[in-house]
Amino acid sequence: MSDILKLIGSTPLVEIKHFDTGPCRLFVKLESQNPGGSIKDRMALAMIEAAEKDGSLKPGGTIVEATAGNTGLGLALIAALKGYKVILVLPDKMSREKVLHCKALGADVRMARSDVTKGHPEYYQDVAARIAKETGGFYVNQFSNPANTLAHERTTAPEIWEQMGHDVDAIVCGVGSGGTLTGIGNYFKKTSPKTEMVLADPAGSILEPLVNRNEKIKPGSWVVEGIGEDFIPPILDLSLAKKAYSITDEESLDAARALLVKEGILAGTSSGTLFAAALKYCREQKTPKRVVTLVCDRGDKYLSKTFSDFWMTEQGFQKRIKTNTIEDLIVRRHDHGDTVIVRPSDTLLTAYKRMRVADVSQLPVIDDDGKFIGIVDEAVLLKYMRQSTARLDIVIKEIMKQPPAKLSCSADLSEAAALLEDNPMVVVTEDEKLLGLVTRIDLLNYFVLRAQGK
């Protein structure tokens, strides 16, 4: 190819072989194979080219967009090659990987609140529109941009039609901006009227109730990124969807993780929503059907969330047997190999590097027999390094300290809460061997999950 943008589109289609799909055959289109890692590359390129053609975007201009991340990545990639500046406004629930990826491409990333809805001045779309007006930049506005829909009608849909040998019974889509469902739906409405458009919607979104029951609900909240809405995007033709499934966050995350283990496909959270809905649709059918869904983006954008056992546990998505003791607060258990530690013979520099890499502020010190003997934290390192005679090769046993608070794993939660009022952490042990560290945020997270019924 003459440049990376020529790789957008023509993504492969793979049949699912290791899941129960009822009487149906289920295929996934790997939009994750686009150069920016998602289906949004298609419409990002189409919207930029349309703006160049009609004069809305001039050489050296600025692109402004509100995005859940993937549209922003596509825009930033294309802008970097074409010489445009990019300002992206992302809701503050987006994964760290997406934010860092956008910044690495040179985008100016602004964070907006994810706990407000359309019409609020701090809603991410309202913020982007305001920035575009203030800077004179080109506001892409994927939610109203007709080039978004046309990108899928002219590329995604025909590819599916050809790859499926002109025989498609149903296509399962999500809605972020509405371009995918509307574009693909418009194509198949004309080309293959028998093909059903099925909506996969996160629980809490307003769209599934509208499709299935024509019911208007107050929007809730959901963890899945990039799909689900609290309003009807102007380019969305919801009448194209014949059926919809409401998929919980837990179902979406579990489906994405299972897709990796069983099929080797590393897919993002929205893909988990679509895949879970597609499996439900397939299993409900009484006759064989050929069904297609989309892997909307790559799962490596969610390694710190969906594919992190720690994050899944902290969010209450991985269930554990509750003991009603301090043991319930331990997220990273030492006996499971999850705790970052140092040995008494390790150096200060080793401890510092491990704290930086693991993004923790304290490390337990474990001797060769596995016994917990002390703690080294940021305060210890900082106090020592301020000395003029400080050495990076000093061994930990010379500067470590005893923890301010230590409890047996059988201690009551109330004991932990009382200690954490005056101490930043509590060391939890069993027969003098470390089980894990508990911090104030661990206790707070426990109370939040309990309030949410998790």
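Quick note: structure is the one above.
Note that the structure is a prediction, hence the values are computed from the model and not measured.

Peer 1: How should the overall build of the chain be read in this particular structure?
Peer 2: Looking only at helices and strands, the chain has 14 helices and 15 strands in total. In terms of overall dimensions, the chain has C-alpha extents of about 75 × 55 × 45 Å along its principal axes. For the chain, the proportion of contacts with a sequence separation of at least 24, taken over those separated by at least 6, is 67%. Carbon and sulfur atoms provide 51% of the accessible area of the chain, an area that totals close to 20,600 Å². Side chains of the chain give 58 positive and 60 negative charges; the mean places of these two sets differ by 4 Å.

Peer 1: How do you make sense of the nonpolar core when you look at a structure like this?
Peer 2: One recurring pattern in soluble globular proteins is that nonpolar side chains are buried together. Ile160, Ile171, Leu181, Phe188, Leu199 and Phe275 are the most contacted members of the largest nonpolar core, which totals 57 residues. A total of eight residues in this core trace back to one element, the largest contributor, which is helix 9 (residues 269-284). In this view, Ile171 contacts Ile160, Ile184, Phe188, Thr195, Glu196, Met197, Val198 and Val292; residues no more than four positions away in its chain are not counted. Within the second largest apolar cluster, 29 residues are counted, among which are Ala44, Ala76, Ala79 and Ala147.

Peer 1: Explain unusual backbone geometry here, please?
Peer 2: Positioned with a positive phi, Asn214 is a non-glycine residue whose angle comes to about 50 degrees. Take Asn214: it is sitting in the loop between helix 7 (207-213) and strand 9 (241-247). Classification of Asn214 as exposed rests on a relative accessible area of 65%. Here the phi dihedral of Asp359 falls at roughly 55 degrees; this positive angle occurs in a residue that is not glycine.

Peer 1: Would you mind showing me how to read the side chain of Asp230 here?
Peer 2: Topologically, Asp230 is positioned in the loop between helix 7 and strand 9. An unpaired buried charge is present at Asp230: no salt bridge exists, and Lys118, the closest side chain of opposite charge, is 7.6 Å distant. Within the structure, Asp230 has its side chain in polar contact with the side chain of Tyr123 (distance 3.2 Å). Asp230 has contacts with Val116, Thr117, Lys118, Tyr123, Ile206, Pro219 and Trp222, leaving out every residue within four places of it along the chain.

Peer 1: Which parts of the structure should I look at to understand the sheet that holds strand 13 (residues 406-408)?
Peer 2: Pairing between the strands of a sheet is mediated by backbone hydrogen bonds and can be parallel or antiparallel. Overall, mixed pairing links the three strands, which are arranged 13-14-15 in an open sheet. In this open sheet, the two strands that pair with only one neighbour each are strand 13 and strand 15 (433-439). Across this sheet, the average inter-strand angle for adjacent strands is 30 degrees, counted without regard to direction. Summarising the sheet, strand 14 (residues 425-430) and strand 15 pair through six bridges and their orientation is antiparallel. Following the sheet pairing, Val428 is matched in strand 15 by Gly436.

Peer 1: I keep staring at the side chain of Thr11 and nothing clicks. Help me out?
Peer 2: The topology assignment puts Thr11 in the segment before strand 1 (13-15). Setting aside its immediate chain neighbours within four residues, Thr11 contacts Lys29, Leu30, Glu31, Asn34, Arg42, Glu159 and Gln163.

Peer 1: For this particular structure, what's the right way to read the packing of aromatic side chains?
Peer 2: Given two aromatic rings, one states the distance between the centres and the angle between the planes to describe the pair. Applying the stated criterion to the full structure yields eight aromatic pairs. Judged by centre distance (5.1 Å) and plane angle (75 degrees), the rings of Tyr123 and Tyr124 are edge-to-face. For the ring pair Phe143 and Phe231, a centre distance of 5.8 Å and an interplane angle of 55 degrees mean the geometry is tilted. Taken together, the residues span a long stretch of sequence, with Phe143 in the loop between strand 6 (138-139) and helix 5 (146-163) and Phe231 in the loop between helix 7 and strand 9 at a distance of 88 residues. Taking NZ or CZ as reference, Lys118 lies 4.9 Å from the ring centre of Phe231, over its face.

Peer 1: Teacher, can you tell me more about the pattern of salt bridges here?
Peer 2: Pairs can form between side chains of opposite charge whenever their charged atoms are close. According to the stated counting rule, one finds 28 salt bridges in the structure shown. A salt bridge links Arg42 to Glu31; its shortest N-O distance comes to 2.6 Å. Here Arg42 is found in helix 1 (residues 40-54), whereas its partner Glu31 is found in the loop between strand 2 (25-30) and helix 1, with 11 residues between them in sequence. Owing to a relative accessible area of 4%, Arg42 belongs among the buried residues under this scheme. Arg213 is the partner of Glu208 in a salt bridge, and the nearest nitrogen-oxygen pair spans 3.0 Å. For Arg213, a relative accessible area of 47% corresponds to the partly exposed category. Connected through shared salt-bridge partners, Lys29, Glu31, Arg42 and Glu159 make up one network.

Peer 1: Explain helix 1 here, please?
Peer 2: Helical periodicity: at 3.6 residues per turn, an α-helix aligns residues three or four positions apart in one direction. Under the 1.5 Å per step criterion, the end-to-end length of helix 1 is 21 Å for 15 residues, consistent within 8% with the ideal 21 Å. All of the buried residues along helix 1 are Lys40, Asp41, Arg42, Met43, Ala44, Leu45, Met47, Ile48 and Ala51. Of the surrounding elements, those touching the buried residues of helix 1 are strand 2, strand 3 (62-66), helix 2 (70-82), strand 6 and helix 5. Directly after helix 1, the chain includes Gly55, whose backbone phi takes a positive value near 85 degrees.

Criteria and thresholds
- Residues numbered from 1 in each chain as written.
- Predicted model: local features only at pLDDT ≥ 70, side-chain atom pairs only at ≥ 80, totals over all residues.
- Heavy atoms only, no water.
- Helix = DSSP H or I, 4+ residues; strand = E, 2+ residues; numbered from the N terminus.
- Contact = heavy atoms within 4.5 Å.
- Areas by Shrake-Rupley, 256 points an atom, 1.4 Å probe, with all protein chains shown as cover.
- Lys, Arg positive; Asp, Glu negative; His and termini not counted.
- Charge placed at Lys NZ, Arg CZ, Asp CG, Glu CD.
- Core = buried A, V, L, I, M, F, W, Y, C linked by side-chain atoms within 4.5 Å.
- Buried < 20%, exposed > 50% of the residue type's maximum accessible area, 1.4 Å probe, protein only.
- Salt bridge = Lys/Arg side-chain N within 4 Å of Asp/Glu carboxyl O.
- Polar contact = N/O pair within 3.5 Å; in protein donor to acceptor, adjacent residues only side chain to side chain.
- Pairing = 2+ DSSP bridges.
- Axes fitted to C-alpha atoms, helices over the stretch in contact; angles between N-to-C directions.
- Phe/Tyr/Trp six-rings, centres within 6.5 Å; stacked < 30°, edge-to-face > 60°.
- Lys NZ or Arg CZ within 6 Å of the ring centre and 35° of its normal.
- Expected span 1.5 Å × (residues − 1).

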